[in-house]
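Remarks on the overall topology
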Amino acid sequence: MQKDVPTLFDWAGGAAALNRLTEVFYDKVLADPVLEPVFRHMSGNHPAHVAAFIGEVFGGPKDYSENHGGHPAMISHHLNRHLTEEQRRRWIALLLDAADEVELPDDPEFRSAFVAYLEWGTRLAKLNSQDGAAPALHEPMPRWGWGVPGGPYVPAAKS
Ligand code: HEM
């Protein structure tokens, strides 16, 4: 096991990198025929709030919990939105395009953890957006880690 494994937040490049990611992402969203109608009325702070949420999940500062209502607020934003599978998939596809564009780390270990979180989070958002969904609002903030790889890519030492 590696010593001093960075958080996903630090490895991604911290708040500046995640803010760049969501800025580029929501520009794509607003130019996308599938997602534009869903996000047409979002506030100008939406990209920064999503960056803060993901940052906290990835082990960064508790900005979303302390300043934006925490996990219950995030869940509530998705209630009754009736998100479709097509919208969910497009959301992930555009976020991964944005990740490449802003040059988030592309090591297999980081991208594996990143995609695993996005799959989990977007599927929950879709479930919670359907009629009759009754999500537990007081679940703690999720915390995402490296999973099986255990840490970022480390090149093999030359012998
Ligand atoms: C990991 C997955 C996701 C995360 C972490 C996430 C996070 C968030 C957060 C933090 C907010 C509140 C923003 C604010 O405070 O202004 C929000 C709102 C929202 N999210 Fe998500 N979300 C995810 C997936 C999705 C998906 C897949 C969709 C649709 C395809 C979606 C649609 C929305 C909408 C429509 C809002 C409200 C926008 C508005 O205020 O007009 N989310 N999301």
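Residues numbered from 1 in each chain as written. Predicted model: local features only at pLDDT ≥ 70, side-chain atom pairs only at ≥ 80, totals over all residues.

This brings us to the UniProt feature "binding site: heme" (unreviewed entry) in the chain. In the numbering adopted here, UniProt assigns the feature "binding site: heme" (unreviewed entry) to His49. Its 20 C-beta neighbours within 10 Å are what place His49 among the buried residues. (UniProt positions renumbered as here; feature names shortened; annotations may be inferred. Buried ≥ 20, exposed ≤ 12 C-beta atoms within 10 Å, placed from the backbone.)

A separate point is unusual backbone geometry. Notably, His82 is not glycine yet its phi reads approximately 50 degrees, a positive angle. Within the element layout of this structure, His82 appears in the loop between helix H6 (70-78) and helix H7 (85-101). Taking the number of C-beta atoms within 10 Å as the measure of exposure, His82 has 11 and is therefore exposed. For Glu103, which is not glycine, the phi dihedral falls at a positive 60 degrees. Within the fold, Glu103 resides in the loop between H7 and helix H8 (108-128). Given 11 C-beta atoms within a 10 Å radius, Glu103 is considered exposed. (Helix = DSSP H or I, 4+ residues; strand = E, 2+ residues; numbered from the N terminus.)

Neighbouring the ligand are 24 residues; His49, His77, Trp91, Gly121 and Ala125 lie closest to it. For the shell around the ligand, the elements supplying multiple residues, two or more each, are helix H3 (36-39), helix H4 (46-57), H6, H7 and H8. Per-element tally for the shell around the ligand: the top contributor is H4, with 5 residues. Each residue belonging to the shell around the ligand can be placed in one class, and the counts come to 11 nonpolar, 11 polar and 2 charged. (Near = placed C-beta within 6 Å. Nonpolar A, V, L, I, M, F, W, Y, C, P; charged D, E, K, R; others polar.)

Tracing the backbone through its elements, the reader meets Trp146 in the segment after H8. Filtering out sequence-adjacent residues up to four positions away, Trp146 remains in contact with Val5, Leu8, Glu109, Ala113 and Gly151. (Contact = placed C-beta atoms within 7 Å.)

Moving on, we get to the confidence of the model for the chain. Within the chain, residue pLDDT values average 95, and 97% of them lie at 70 or more. Across the interfaces of the predicted complex, the ipTM metric reaches 0.97, alongside a pTM of 0.95. (pLDDT = per-residue confidence, 0-100.)

Another aspect to go through is helix H2 (residues 14-30). Between its terminal C-alpha atoms H2 stretches 25 Å, which fits the 24 Å expected from 17 residues at 1.5 Å a residue. Among the residues of H2, Leu18, Leu21, Thr22, Phe25, Tyr26 and Val29 are the ones counted as buried. Down the axis of H2, the buried side of the element spans an arc of 120 degrees, and every buried residue falls inside it. Counted as exposed and oriented over 90 degrees from the buried face of H2: Ala16 and Leu30. Where the residues of H2 are buried, they touch helix H1 (8-12), H3, H4 and H7. (Expected span 1.5 Å × (residues − 1). Arc of directions from axis to C-beta.)

Another aspect to go through is the nonpolar core. By size, the foremost hydrophobic cluster in this structure holds 29 residues, and its most contacted members are Leu8, Ala12, Leu21, Phe25, Phe53, Ile54 and Phe58. Those elements giving two or more residues to this core turn out to be H1, H2, H4, H6, H7 and H8. Sorting elements by how many residues they give to this core places H4 first, with 6 residues. (Core = buried A, V, L, I, M, F, W, Y, C linked by C-beta atoms within 7 Å.)

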